[in-house]
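Architecture at a glance
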Amino acid sequence: MAEPTILHAVFTARPEKGDEVAALLRDFAEAVRAEEGNVVFDATRLVDDPDRFFVYEVYRDEAAFQAHIAAPAGVPFNEALQQLIVEPSSILTFLRRI
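A brief structural summary. (Residues numbered from 1 in each chain as written. Predicted model: local features only at pLDDT ≥ 70, side-chain atom pairs only at ≥ 80, totals over all residues. Heavy atoms only, no water.)

Some words on the side chain of D61
Relative to the elements of secondary structure, D61 occurs in the loop between β3 (52-59) and α2 (62-70). A polar atom in the side chain of D61 sits 2.8 Å from the backbone nitrogen of A64. Setting aside residues no more than four positions away along its own chain, D61 makes contact with A2, E3, P4 and T5. (Helix = DSSP H or I, 4+ residues; strand = E, 2+ residues; numbered from the N terminus. Polar contact = N/O pair within 3.5 Å; in protein donor to acceptor, adjacent residues only side chain to side chain. Contact = heavy atoms within 4.5 Å.)

In structure tokens:
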């Protein structure tokens, strides 16, 4: 059985853009959850800092993750997100189950 691809992404909304980022992320989450190889896509805001976002993602395997990267919804989402966040792009951390 193939290993799942697991990661989390973090990013910070620019001042006054937190709600816009949340709306963009909410719509993107629906598209990602509909992808065949997606297992989990949990998009959250930090309670103590609602301009900070944490997204936890699990894909069935590396092929499913690559399909996610190539999916049509990703490019417009990332282009829009880049204009709304402090970082140049979301910061990804890949994880492995133990």
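Text resumes after the structure shown.
Re the nonpolar core
Counting 20 residues, the largest nonpolar core has F11, V21, L25, F41, F53 and Y59 as the members making the most contacts within it. For this core, the secondary structure elements donating two or more residues are β1 (5-12), α1 (18-33), β3, α2 and α3 (74-84). Per-element tally for this core: the top contributor is α1, with 6 residues. (Core = buried A, V, L, I, M, F, W, Y, C linked by side-chain atoms within 4.5 Å. Buried < 20%, exposed > 50% of the residue type's maximum accessible area, 1.4 Å probe, protein only.)

Structural notes on α2
Every buried residue of α2 is listed here: A64, F65 and H68. What you see down the axis of α2 is that its buried residues fit within an arc of 100°, all on one side. Away from the buried face of α2 by more than 90 degrees, exposed residues A63 and A70 are located. Among the structural elements, β1, α1, β3 and β4 (91-95) are those in contact with the buried residues of α2. (Arc of directions from axis to C-beta.)

A word on unusual backbone geometry
Phi is positive for E16, close to 70°, though the residue is something other than glycine. Relative to the assigned elements, E16 resides in the loop between β1 and α1.

That's the geometry; what it means functionally is another story.
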